[in-house]
Amino acid sequence: EKGGYKHFMYKEIMEDPQALVNALVGRIKNDRPFFEELEHYEEFFKNIDRIRVVSCGTSYYAGLVFKYFVENNTDIDVDVEVSSEFRYKRPHVKEGDVLLAISQSGETADTLESVRLAKKHGARIVSIVNVVGSTLDRESDVTLFMNAGPEIGVAATKTYVAELAVLYLLGLKIMEINGYWNKEADEILDRLVRMPELLENVLRKDPQIRELSEKYKDFKHFMYIGRGYGYPTALEGALKLKEITYIHATAYQAGELKHGPIALLDPEFPVFAVMPDDSLFFKTKSNVIESKSRNARVIVLGTEGNRSLEEITSDIIHVPPTHESLYPLMMAPVIQLFAYHIADMKGLDPDKPRNLAKSVTVE
Ligand code: F6R
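Residues numbered from 1 in each chain as written. Predicted model: local features only at pLDDT ≥ 70, side-chain atom pairs only at ≥ 80, totals over all residues. Heavy atoms only, no water.

When helices and strands are tallied, the protein chain shows 13 helices and 12 strands. In terms of overall dimensions, the protein chain has a C-alpha envelope of 55 × 45 × 40 Å along the principal axes. Residue burial in the protein chain is summarised as follows: out of 363 residues, 61% are buried. When the accessible surface of the protein chain is totalled, it reaches about 14,700 Å², and 47% of it is carbon and sulfur. (Helix = DSSP H or I, 4+ residues; strand = E, 2+ residues; numbered from the N terminus. Buried < 20%, exposed > 50% of the residue type's maximum accessible area, 1.4 Å probe, protein only. Areas by Shrake-Rupley, 256 points an atom, 1.4 Å probe, with all protein chains shown as cover.)

The structure is reproduced here in structure tokens:
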């Protein structure tokens, strides 16, 4: 059942490209995003000025990517909130608002309660779910399925990839519905379709990522940093590391370093810098150079062909170039593998991290 792999998590990371294919299949028509499930509900997203998103953990970070995507490409506001916070506040939703709920399992208690609360106030519930027939699926007006197949490892891996894929398509769909479609949207869609092959290339870097895991496995702390689309990747990288290796990791927007967290850095507190070739590259680079001046060791996750990364460190993992909004997808296997190998080398079982359950059905 593990298909020759030592752990489900490893097998499921290796399935990232297939999960992406499965999430995209049948969802592009005439060079535009297409959701059969949404056919009669497109008006949900028409002329809206705000979308609320609720989710937890890794699904919350996927929601953050969606926020950057929609807000960078339209004038629509996206408020992403952790479900366990949303459900205990005054619900800022009114009749006709869209609440987007993201949940792999479709059984996360806080997300379900957030949905019920929003529904009571007249919100339309659109959910992104992997498990067909789950409670969230049944309680939503529309469900967009991830189609990732069952995920056995407790840590979300291939379903994060699938969530991102569905969210990019939905973001593009919202652009189309609201008259924001442009040449860049064509390019993003085109690059998304070609990404599974590139993810295979990223997975081929596994031996190199493993070497880096070996080199860094004994550190007690990590600081993940990124800007813009790199920030959710930093958060997800830190979460993966914490939950399966039990190493303390924190994540910040790179620009926040000098507002406090840089005080932590020293040779025993490495920085994992998410810095693809995007419009914020030079901003992040200057933050990394500041970290180096505190003698922090630096791992860089960057774009192939960027020679200036070597000025910073020799611990570099490259991914192929893509549209800047799509780097969270391109980089997902790297942060997953880095954490996986450390857990494995420490003799831990990444499929069953201590204190964690696959679905959090109690609050
Ligand atoms: C992290 C992880 C969790 C889940 C979270 C939400 O690897 O798996 O953080 O992402 O518990 O779960 P779902 O998406 O099922 O609502």
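Here the focus is the sheet that holds strand E9 (residues 248-253). Ordered in space as E9-E8-E10-E11-E12, the five strands form an open sheet in which the pairing is parallel. Taken across any chain shown, the strands that pair with only one partner, and hence form the sheet edges, are E9 and strand E12 (316-319). Each adjacent strand pair in this sheet contributes to an overall mean axis angle of 15°, direction not counted. Both strand E10 (residues 271-274) and strand E11 (residues 298-303) contribute to a ladder of four bridges, which runs parallel. Among the inter-strand pairings, Ala-273 is bridged to a residue of E11, identified as Val-300. (Pairing = 2+ DSSP bridges. Axes fitted to C-alpha atoms, helices over the stretch in contact; angles between N-to-C directions.)

Once that is clear, we can look at the layout of surface pockets. Volume-wise, the largest pocket comes out at about 560 Å³. Cys-56, Gly-57, Thr-58, Lys-358 and Val-360 are, among the 26 residues lining the largest pocket, the residues nearest its centre. Residues belonging to the lining of the largest pocket are distributed by class as follows: 11 nonpolar, 10 polar and five charged. (1 Å grid on protein atoms, 1.4 Å probe; cavity = no way out; pocket = protein on both sides within 12 Å on 5 of 7 lines; lining within 4 Å. Points joined across faces, edges and corners; volume = space filled by probe spheres on them. Nonpolar A, V, L, I, M, F, W, Y, C, P; charged D, E, K, R; others polar.)

Right, let's get into helix H3 (residues 57-73). In a regular helix each residue adds 1.5 Å, so 17 residues correspond to 24 Å; H3 covers 25 Å between its end C-alpha atoms and thus fits that length. Counting buried positions along H3 yields 12 of 17 residues, so the element is predominantly enclosed. Within H3 the residues assigned to the buried category are Thr-58, Ser-59, Tyr-60, Tyr-61, Ala-62, Gly-63, Leu-64, Val-65, Phe-66, Phe-69, Val-70 and Asn-73. (Expected span 1.5 Å × (residues − 1).)

Buried residues dominate E11, accounting for six of its six residues. Since E10 and E11 lie parallel, the crossover through helix H12 (residues 281-293) that links them has a hand, and here it is right-handed. Alignment of E11 against E12, held across four bridges, turns out to be parallel. Residue pairing across strands places Leu-301 opposite Ile-317, the latter belonging to E12. (Right-handed = clockwise from strand over helix to strand, strands pointing away.)

Close contacts around the ligand come from 14 residues, with Ser-59, Ser-103, Ser-105, Thr-108 and Glu-243 the closest. A distance of 3.1 Å separates an oxygen atom of the ligand from a polar atom in the backbone of Thr-58. Within the contact set of the ligand, an oxygen atom lies 2.7 Å away from a side-chain nitrogen or oxygen of Ser-105. Alone, the ligand offers 410 Å² of accessible surface; in the complex the protein occludes 90% of this. Placement of the ligand is best described as lying within the largest pocket. Its residues placed into classes, the shell around the ligand shows five nonpolar, seven polar and two charged. (Near = heavy atom within 4 Å. Polar contact = N/O pair within 3.5 Å; in protein donor to acceptor, adjacent residues only side chain to side chain. Sits in = over half its atoms within 2 Å of the grid points.)

Attention shifts here to the UniProt feature "active site" (unreviewed entry) in the protein chain. In the numbering used here, UniProt assigns the feature "active site" (unreviewed entry) to Lys-358. Take Lys-358: it is sitting in the segment after helix H13 (327-345). Setting aside chain neighbours within four positions, we find Lys-358 in contact with Gln-104, Glu-151, Ile-152, Gly-153, Val-154, Ala-155 and Ala-156. Of note is the side chain of Lys-358, whose polar atom sits 2.7 Å from the side chain of Glu-151. (UniProt positions renumbered as here; feature names shortened; annotations may be inferred. Contact = heavy atoms within 4.5 Å.)

Low pLDDT marks regions whose predicted coordinates should not be analysed in detail. When pLDDT is averaged along the protein chain, the result is 97, and 100% of the positions lie at 70 or above. We note a pTM of 0.98 for the whole complex and an ipTM of 0.99 for its interfaces. (pLDDT = per-residue confidence, 0-100.)

Right, let's get into the nonpolar core. Generally speaking, a soluble globular protein has its nonpolar side chains buried in company with each other. Phe-45, Ile-51, Phe-66, Leu-100, Phe-222, Tyr-224 and Phe-338 are the most contacted members of the largest nonpolar core, which totals 96 residues. Counting residues per element, this core draws most heavily on helix H7 (residues 158-177), at 14 residues. Dropping the residues within four chain positions of it, Ile-51 is found in contact with Phe-45, Phe-66, Ile-76, Asp-77, Val-78, Asp-79, Val-98, Leu-100 and Ile-174. Core analysis: the next-biggest nonpolar cluster, separate from the first, contains 18 residues, Ala-254, Leu-257, Ile-262 and Leu-265 among them. (Core = buried A, V, L, I, M, F, W, Y, C linked by side-chain atoms within 4.5 Å.)

Below, the discussion takes up the pairing of strand E7 (residues 142-145). Burial of the side chains of E7 extends over both faces: Val-142 and Leu-144 are buried on one face and Thr-143 and Phe-145 on the other. Note that strand E6 (residues 124-129) and E7 share four bridges and pair parallel. Along E7, the bridge assignment pairs Ser-127 with Thr-143.

Moving on, we get to the pattern of salt bridges. Here the structure, examined in full by the defined rule, presents 30 salt bridges. Glu-42 is the salt-bridge partner of Lys-173, the closest N and O atoms lying 3.3 Å from each other. Taken together, the residues Lys-173 in helix H7 and Glu-42 in the loop between strand E2 (32-33) and strand E3 (50-55) connect sequence positions 131 residues apart. The exposure class assigned to Glu-42 is partly exposed, which follows from its relative accessible area of 29%. One salt bridge in this structure joins Arg-87 and Asp-110, with 2.6 Å as the shortest N-O distance. Of this pair, Arg-87 sits in the loop between helix H4 (83-86) and strand E5 (98-103) while Asp-110 sits in helix H5 (residues 109-120), and the two are 23 residues apart along the sequence. Arg-87 sits in the buried class, given a relative accessible area of 19%. One network of salt bridges, with partners in common, ties together Arg-32, Glu-42, Lys-173 and Glu-176. (Salt bridge = Lys/Arg side-chain N within 4 Å of Asp/Glu carboxyl O.)

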